[in-house]
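Observations on the three-dimensional arrangement
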Amino acid sequence: MFGRHLPLSEQALQVIEQIGEDMPGGFFIYKATAAIRAMTTYARRIPIVAMTANAFADDIRKAKEVGMNDHISKPLDFKELAKILQKWIRV
């Protein structure tokens, strides 16, 4: 995140690895986001933006339900991406 290094504990790395094994494909990111939002530390306030190949209403709804801040679809519109990032990232 813009020059910041956020160290992960060994336990956190194991949890992320386990989630990845349990949830193939895009489901991993939903599960990971839900886990981050459930945390009691500052990490739960980290902006998370979904990026999917589709902009189906269901994709956007799932992203918001698990706690993602926003959604952008591919192919990327870099002006739109910049607008979304400016909305959520404080520098």
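Cut-offs used in this document
- Residues numbered from 1 in each chain as written.
- Predicted model: local features only at pLDDT ≥ 70, side-chain atom pairs only at ≥ 80, totals over all residues.
- Heavy atoms only, no water.
- Helix = DSSP H or I, 4+ residues; strand = E, 2+ residues; numbered from the N terminus.
- Contact = heavy atoms within 4.5 Å.
- Areas by Shrake-Rupley, 256 points an atom, 1.4 Å probe, with all protein chains shown as cover.
- pLDDT = per-residue confidence, 0-100.
- Salt bridge = Lys/Arg side-chain N within 4 Å of Asp/Glu carboxyl O.

If you tally the helices and strands in the chain, you get four helices and two strands. Mapped from its N terminus to its C terminus, the chain presents α and β elements in the order α-α-β-α-β-α. Within the chain, residue pairs in contact and separated by at least 24 positions form 28% of the contacts whose partners lie at least 6 positions apart. Counting every atom, the chain has about 7100 Å² of accessible surface; 59% of that belongs to carbon and sulfur.

Close reading of the predicted structure is inappropriate where its pLDDT is low. On average, residues of the chain score 79 in pLDDT, and 69% of them are at 70 or above. When pLDDT is averaged over each helix and strand of the chain, the minimum, 63, is found for helix 1 (residues 10-22) and the maximum, 93, for helix 4 (residues 78-88).

Moving on: the pattern of salt bridges. Counted under the stated rule, the structure contains five salt bridges. A salt bridge links E65 to R61; the nearest nitrogen and oxygen atoms lie 2.7 Å apart. With E65 and R61 both in helix 3 (residues 57-65), this residue pair falls four residues apart, about one helical turn. A network of salt bridges, in which partner residues are shared, links D58, R61, K62 and E65.

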